[in-house]
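The chain contents come next:
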Amino acid sequence: MGTKKAGNQKEKTKLTQVCGLFFGSKFQIACRWALVLLFVITMPAFAQSGLPVLNMIEDGQGGTKYSLTLQLLALMTVLTLLPSLLMMTTSFVRIIIVMSLLRQALGTGQTPPNQVLVGISLFLTLFIMAPTFNTAYEEAISPYLEQQISFDDAVLKTETPFRTFMLNQTRETDIAMFAEIARHENLDSPADVPFTTLVPAFITSELKSAFAIGFLIYIPFVVIDLVVASVLMSMGMMMLSPMMISMPFKLMLFVLVDGWSLIMGSLTASFAIS
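Our subject in this report is the structure included herewith. (Residues numbered from 1 in each chain as written. Predicted model: local features only at pLDDT ≥ 70, side-chain atom pairs only at ≥ 80, totals over all residues. Heavy atoms only, no water.)

### Examining the overall build of the chain
Operational definition: Strands are runs of DSSP state E lasting at least 2 residues, helices are runs of H or I lasting at least 4, and numbering of each runs from the N terminus. The classification of residues rests on relative accessible area computed with a 1.4 Å probe and restricted to protein chains. Under 20% of the type maximum is buried, over 50% is exposed, and intermediate values are partly exposed. Note on definitions: a residue-residue contact is assigned when non-hydrogen atoms from the two residues lie within 4.5 Å. Residue burial considers only the protein chains on display, and all accessible areas are found by Shrake-Rupley using a 1.4 Å probe.
Per the secondary structure count, the chain includes 11 helices and 2 strands. The secondary structure elements of the chain, listed N-terminal to C-terminal, are α-α-β-β-α-α-α-α-α-α-α-α-α. Split into buried and exposed, the 274 residues of the chain put 25% on the buried side. Expressed as a percentage of contacts within the chain between residues at least 6 apart in sequence, the contacts between residues at least 24 apart total 65%. Counting only carbon and sulfur atoms, one obtains 69% of the accessible surface of the chain, whose full area is about 19,000 Å².

Below, the structure written as structure tokens:
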């Protein structure tokens, strides 16, 4: 028995030494030195290439052309703001709020999970915004990549289809409210509305529409809760949770009326895409 214990102790000691080699400070220090050596070896190659940090060229007509490095820097900056742009200038806000209210009305807790709801909302957004994305690509991005238009013109032409989409979904009262706050008085046509005023007005209208749809979704499920609670009270089962009893009936009703198709079809139709 003593020999076996001594053998097990040696094996544990070897295992500890191996783990210490891979997960201890020696392994971490070796990795750091390897990264430093890799950086030192590859640095001369980058230095010899002579990549400019900032290169601005005057074209002689009052315009300015920027180097590829600066364009990549601007692109990386825009990518960090992409989630906010996705949520605040597309149909994503209305869809995700309606899906969340639907889950609460069903009383299913965290089913479907947040990842599923975000995925559904994302792909519905891509479906609804497809005409807008196609217009922006054909009229702005593709000509710019082919060097047919300047960067400034590409930005303006990209903004136009998104502006049209947001104006179609925004209430005039919301635009008037934010225009009054910003003191924009000379707004004779929708094209005169500044983009900085249109975006908050669009978000406010989307929130109103989402909560209005959520209210209509809640009504039948609230009726089921009231009926179940009344039946339980009349039977003297006051200690039994009405939510636990009503949830199967809610799920049965939602499945029988093909609820997912109704919700997604109604959400898509509410944007009146063409």
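### Quick notes on a nonpolar patch on the surface
Going by this rule: Patch membership needs two things, relative accessible area over 30% and no salt bridge, and members are linked within 9 Å if like-charged or within 5 Å if nonpolar (Val, Leu, Ile, Met, Phe, Trp, Tyr). For this document, the term salt bridge refers to a Lys or Arg side-chain nitrogen within 4 Å of an Asp or Glu carboxyl oxygen.
Side chains of Phe 215, Leu 216, Ile 219, Val 223, Val 227, Val 231, Met 235 and Met 237 sit close together on the surface and give an oily, nonpolar patch of about 760 Å² of accessible area. Tracing the chain through its elements places Leu 216 in helix H9 (residues 195–234).

### Section: the packing of helix H5 (residues 92–106) against helix H11 (residues 259–270)
When two helices pack together, their arrangement is given by the angle between the helix axes and by the axis-to-axis distance. Note the threshold: Think of each axis as a best-fit line through the C-alpha atoms, taken over the contacting stretch in the case of a helix, with angles from 0 to 180 degrees between the N-to-C directions. Here is the rule for angles: anything less than 35 degrees is roughly parallel, anything more than 145 is roughly antiparallel, 65 through 115 is roughly perpendicular, and the remaining ranges are oblique. In this scheme the handedness of a crossing depends on how the near helix is turned from the far one: anticlockwise by less than a right angle means left-handed, clockwise means right-handed. Residue polarity is assigned by list, with Asp, Glu, Lys and Arg as charged and Ala, Val, Leu, Ile, Met, Phe, Trp, Tyr, Cys and Pro as nonpolar; anything else, Gly included, falls into the polar class.
Look at H5 against H11: their axes get within 11 Å of each other, and the N-to-C directions meet at 155°. Relative to H11, the element H5 lies roughly antiparallel. In the crossing of H5 with H11, the sense of the turn from one axis to the other is right-handed. Contacts between H5 and H11 involve Arg 94, Ile 95, Val 98, Met 99 and Leu 102 on the former and, on the latter, Trp 260, Ile 263, Met 264, Leu 267 and Ser 270. The residue inventory of the contact of H5 with H11, partitioned by class, reads 8 nonpolar, 1 polar and 1 charged.

### What about helix H6 (residues 114–145)?
As a reminder of what qualifies: In this analysis, the expected span of each helix is defined as 1.5 Å times one less than the number of residues it contains.
Between its terminal C-alpha atoms H6 stretches only 37 Å, short of the 46 Å expected from 32 residues at 1.5 Å a residue. Within H6 the residues assigned to the buried category are Leu 117, Ser 121, Leu 124, Thr 125, Ile 128, Met 129, Thr 132, Ala 136, Ala 140, Ser 142 and Pro 143. Tucked into the core, H6 has its buried residues touching helix H4 (82–88), H5, helix H7 (151–169) and H11. Within two residues after H6, Gln 147 carries a phi angle of roughly 60°, on the positive side.

### Notes on the packing of aromatic side chains
Where we set the bar: Two rings belonging to Phe, Tyr or Trp (six-membered ring only in the last case) form a pair when the distance between their centres is within 6.5 Å. Interplanar angles under 30 degrees mark stacking, angles over 60 mark edge-to-face geometry, and anything in between is tilted. Counted as over-ring charges are cases with an Arg CZ or a Lys NZ within 6 Å of the ring centre that also lie within 35 degrees of the ring normal.
Tallied over the entire structure, the rule returns 5 aromatic pairs. Where Phe 221 meets Phe 254, the ring centres are 6.5 Å apart and the plane angle is 45°; that geometry is what we call tilted. Here Phe 221 is found in helix H9, whereas its partner Phe 254 is found in helix H10 (residues 242–256), with 33 residues between them in sequence. For the residue pair Phe 221 and Phe 254, the accessibility class agrees, reading buried in each case. Arranged with centres 5.4 Å apart and planes meeting at 85°, the rings of Phe 254 and Trp 260 form a pair that is edge-to-face. In this structure, Arg 94 packs its charged tip against the face of Phe 271, placed 3.9 Å from the ring centre.

### Comments concerning unusual backbone geometry
The omega torsion across Thr 111 and Pro 112 is -5°, close enough to zero to call that bond cis. Note that Pro 112 resides in the loop between H5 and H6. Backbone geometry at Gln 147 places phi at a positive 60°, although glycine is not the residue there. With respect to the secondary-structure elements, Gln 147 resides in the loop between H6 and H7.

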